[in-house]
Every structure is written in C-alpha cells, then in structure tokens.
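Per-entry structural report
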Amino acid sequence: ASSGDETATFSMPIYACQRRTTLDHRNAVFTEALSLLAENAELSQDEGRAVAFRRAAATLKAFPEPLTDARQLRGCPCLGQHSLSVIQDILENGSSREVEATRRSERFKAMKLLTAIFGVGAKTAAQWFQEGIRNLPQLHQSGRVLTRAQQAGVAHYDDLTQSVTRAEADTIGQIVEEAVGAKLPSARVTLVGGFRRGKLSGHDVDFLITHPEEGREEGLIPKVVAHLEARDFLLYHKNNRNSYTEASGTPASTMDHFERCFSIFKLPMPEGGEPHSRQDDVALRRGECRRWRAVRVDLVVCPFSQFAFALLGWTGSKLFERELRRWATQQKNMSLSSHALYDNKQRKYLKAATEEEIFAHLSLEYIPPSERNA
Ligand code: DCP
Ligand code: MG
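What about the sheet that holds strand β9 (residues 341–343)?
Paired through their backbone hydrogen bonds, the strands of a sheet run either parallel or antiparallel. Ordered by their spatial adjacency, three strands build an open sheet running β8-β9-β10, and the pairing between neighbours is antiparallel. Since the sheet does not close on itself, it has two edges, and those belong to β8 (334–336) and β10 (348–349), each with one partner. Two elements, β8 and β9, share three bridges in a ladder whose sense is antiparallel. By the bridge assignment for β9, Met334 is matched with Asp343.

Description of the coordination of the magnesium ion (ligand 2)
Within the protein, the magnesium ion (ligand 2) binds to Asp204 (OD) and Asp206 (OD); these donor distances fall in the range 2.0 to 2.2 Å. Residue class for Asp206 comes out buried when judged on its relative accessible area of 8%.

A look at helix α2 (residues 47–61)
Each α-helix turn comprises 3.6 residues. Residues three or four places apart therefore point the same way. An ideal rise of 1.5 Å per residue puts 21 Å on 15 residues; α2 measures up with 21 Å between its terminal C-alpha atoms. Taken residue by residue, α2 has Ala50, Val51, Phe53, Ala56, Ala57, Ala58, Thr59 and Leu60 as its buried positions. Residues of α2 that are buried in the fold lie against α1 (28–43), α3 (81–93) and α15 (318–332).

Observations regarding unusual backbone geometry
Geometrically, the link from Gly316 to Ser317 is a cis peptide bond, its omega value of -5 degrees lying close to zero. In this fold, Ser317 is placed in the loop between α14 (307–315) and α15. At Gln45, a position not held by glycine, the phi torsion is positive, near 55 degrees. Looking at where Gln45 falls in the secondary structure, it is placed in the loop between α1 and α2. Here Gln45 falls in the partly exposed class, since its relative accessible area comes to 48%. Residues other than glycine seldom take positive phi values, yet Ser363 does so here, at roughly 55 degrees. Inspection of the secondary structure puts Ser363 in the segment after α16 (355–361). Among the residues examined, Ser363 registers a relative accessible area of 47% and is labelled partly exposed.

Observations regarding the environment of Leu234
Along the chain, Leu234 falls in strand β5 (residues 234–240). According to the relative accessible area criterion, Leu234 is buried, its value standing at 13%. Between the alpha carbons of Leu234 and Ile264 there is a distance of 6.0 Å; along the sequence they are 30 residues apart. Residue contacts for Leu234: discarding those within four places in its chain leaves Val225, Leu228, Glu229, Ser263, Ile264, Phe265 and Lys266.

Examining the site of ligand 1
Surrounding ligand 1, one finds 15 residues, the nearest of these being Gly194, Lys199, His203, Asp204 and Lys318. His203 has a polar side-chain atom sitting 2.8 Å from an oxygen atom of ligand 1. Residue Asp204 places a side-chain N or O atom 2.7 Å away from an oxygen atom belonging to ligand 1. Starting from 560 Å² of accessible surface for ligand 1 in isolation, the protein chains cover 82%. Secondary-structure elements contributing two or more residues to the shell around ligand 1 are α11 (193–196) and α14. For the shell around ligand 1, the per-class residue count stands at two nonpolar, seven polar and six charged.

Brief notes about helix α8 (residues 148–155)
Residues Ala149, Gln150, Ala152 and Gly153 constitute the buried set of α8. The arc enclosing the buried residues of α8, seen along the axis, measures out at 160 degrees, which places them on a common side.

Here we look at the nonpolar core
Counting residues in each nonpolar core, the largest one holds 36 residues, and the members touching the most others are Leu34, Leu73, Ile87 and Trp128. Counting only elements with at least two residues in this core, the list comes to α1, α2, α3, α5 (106–115) and α6 (122–130). The element that contributes the greatest number of residues to this core is α1, accounting for seven residues. By size, the runner-up hydrophobic cluster in this structure holds 29 residues, among which are Val180, Ile209, Cys261 and Leu267.

Quick notes on the confidence of the model for the protein
Confidence along the protein averages 94 in pLDDT terms, with 91% of residues attaining 70 or more. When pLDDT is averaged over each element of the protein, α16 comes out on top at 99 and helix α13 (residues 278–285) at the bottom at 66.

Parameters at a glance
- Residues numbered from 1 in each chain as written.
- Chains lettered and ligands numbered in written order.
- Predicted model: local features only at pLDDT ≥ 70, side-chain atom pairs only at ≥ 80, totals over all residues.
- Heavy atoms only, no water.
- Pairing = 2+ DSSP bridges.
- Helix = DSSP H or I, 4+ residues; strand = E, 2+ residues; numbered from the N terminus.
- Donors = N, O, S within 2.8 Å, 3.2 Å for Na, K, Ca; no water.
- Buried < 20%, exposed > 50% of the residue type's maximum accessible area, 1.4 Å probe, protein only.
- Expected span 1.5 Å × (residues − 1).
- Contact = heavy atoms within 4.5 Å.
- Near = heavy atom within 4 Å.
- Polar contact = N/O pair within 3.5 Å; in protein donor to acceptor, adjacent residues only side chain to side chain.
- Areas by Shrake-Rupley, 256 points an atom, 1.4 Å probe, with all protein chains shown as cover.
- Nonpolar A, V, L, I, M, F, W, Y, C, P; charged D, E, K, R; others polar.
- Arc of directions from axis to C-beta.
- Core = buried A, V, L, I, M, F, W, Y, C linked by side-chain atoms within 4.5 Å.
- pLDDT = per-residue confidence, 0-100.

Now the structure itself:
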C-alpha cells in the first residue's frame, strides 16, 4: 500500500502468530534494546510491561527493512508510546539512554546474575537483592538455605550459563533416544524448543516424547530417568507426574500438566576437546579428568492424542505461543493449551493430529517452526 508520500507503509498483521518471523532480521539494534527492557520488566515481575516490550520487539523482528526513520513504522501494530520513544532515541543518538542506564544498573545486573541460577526465579532473586545479596559469594556468605534445584544450579553455574550448541543438543538427543528406546520401543522423541525453530544455540534442550499407542507412554519418565542415571548421565533431576484431566482442564492456562522431568545432564565432551569453563580449568589443575559439561534438559511426555498440541506448545517462541492463545481467545472464542483446543461456542474439543490442523481450526495460515521466532 502507498501512504501518499515517498515512504511506503507495510500492512503488518496485529498478532505475531499471523506473521512469519525468521531468526535473522534487519533491526537487531532495536529488538535487542526492546528485549532488554522486556527482560527488566520480567525481572521486576511487571508482566504487562514485559509483554508490551516483547510485542514491540516482535513487530521490529518482522519488519522487512532496516529502520532509518520512525515514519517507516506507520501502520505497524503493538508499538506504544514508550517503545516508540526508545526507537526514536536510538535513531537519533545511536543508543537509548533508558536502555543503557538499565543495562548498567546494579539491580538489573544482580537480578540477571541471580536468576541465572537454575531454580531461582524473579521473586526469590528480588528477595535476595533486598537483603543485599548481589553475587554468588554473597549468597554463600548469607547462609541462605537453598533448595535442591538451587544447590545444583550453584554447583554448575558456569556450565549452565554457557549456551548449548546445536551439536551438543544432537548428542543429547541420541542419548535420550537410546534411553527411551530401551524402555519403550517405538516411542518417538522429538527435539522441540528453540532448536526446532532453527536456533544454533539455546539455554537448554527440550524433548517431547510420545508413543503411537495411547496409554503406553504412561509412567515412562521414571524408567527413562533410571536408565540415564545408571549410565551416569544425570547430575540432577526432578520428575513431575501427569496432572491433566479434561474436566479439571484450565484450557487456556500457560502451564501444562504433562509428565515431565527437569534435569541437568552430565554431557561427555569429545576426547581432546579444549577445557572451556572455569570449573574445567580448576579440575584439570587438580589433576582431575573433567571431560564433561552440565546441560539443562527438559523431557516432556504426552499422550499421542495430544501430540500436535504439545508439539505446537513446546516449539515456541514464548511470545508466538502467547499470541496464538490470545488469537484463539479474542478472535475465535476458543481456548488453546498444550493439551487441547476447546471451542467455547460449539462447546466441544477440536481434534488435531498435526500442527497444520490446529492452525486450520484457528483460521490461521500455517507458519512453520523456523518462522515462529517472534
Ligand atoms: N514452554 C511451555 N511451558 C513451560 C515452559 C516452556 O509451554 N512451562 C514452551 C514455550 C517455549 C518452549 O516450551 O517456547 C521451550 O521453552 P524454553 O524456555 O526452553 O525456550 P526456548 O527453547 O524457546 O529458548 P531457549 O531454550 O534457547 O532459551
Ligand atoms: Mg529451550
């Protein structure tokens, strides 16, 4: 469409799930700034503000050309006053004062460092910050009692704050497939999360496991975990049982109820590989062989009839998922979760065997995983 002067305007659909968002885009300076403000809002438990910044960042990720003038953004959705002023600041000065001040602030730095500990959320970190805790030595000195997860998080802090590569994710995939195959032949293991969207690195590795005969998947997690433990592949794990029933179903809730395992894998490193972490260096100086690294791994088991919903729900991105649910509720009067899609008007669940069918139920054009990077 033409706007009447020399600047063309793009008509961009409002919901991120209506758009194709690839990993590479033209406006990283802007999306990184807005993402940092979103992260800061999340760390302050200001969900509304966080979502506003996430949506603004997503708009710029989908913007087809480098931004040089704010007028290019006319007609673009989800850009509020605050986000626009940040963008304007970057256009005029090369950076945003607010973003740089946030990046340097003591609170932001400490909250990032503390929430990077596995098992520590924004709430816990805020409380520690209030008590004057800013870093790991101070946490140690405080004598705070840590949960088992947090203890593992502290013990493997250096490894867990290093991103996981695609090659490492594939190696873990082989280990998981071997363990699942040994316990339940013909079960299927699918790599989900950011790696399914084509990311080259991630903060963890996510797997979805199912079996074509409904019911056979029940109770699989403890068996797989026992198999992995016997082979010394686990540094930490916490299993959750399936708690989903259609009756108790809170269909639009973000949290799902699948049988799952939050774990920290002990991933063997290729022989001759360079030591890469501080822990490695320390271990090698002590003369210990430490040819492994810790990696966060999530295993999720779902019944076959829910597989398409679980696959869609666990592929992300988080904003894409949120936008799908918002679209379903606001535009279709339906409730979408990682378990099911419920049509509130027809008062019935809509079945789907593939992601394509779910998009069709929602009257959305199918978006493949590599274009869900909103
Ligand atoms: N997810 C979910 N419910 C949860 C946790 C995650 O539905 N309780 C979904 C949304 C995410 C996907 O699963 O997109 C994977 O979650 P991650 O936090 O692992 O996010 P990504 O894999 O997208 O990114 P990365 O691991 O690289 O940070
Ligand atoms: Mg992930």
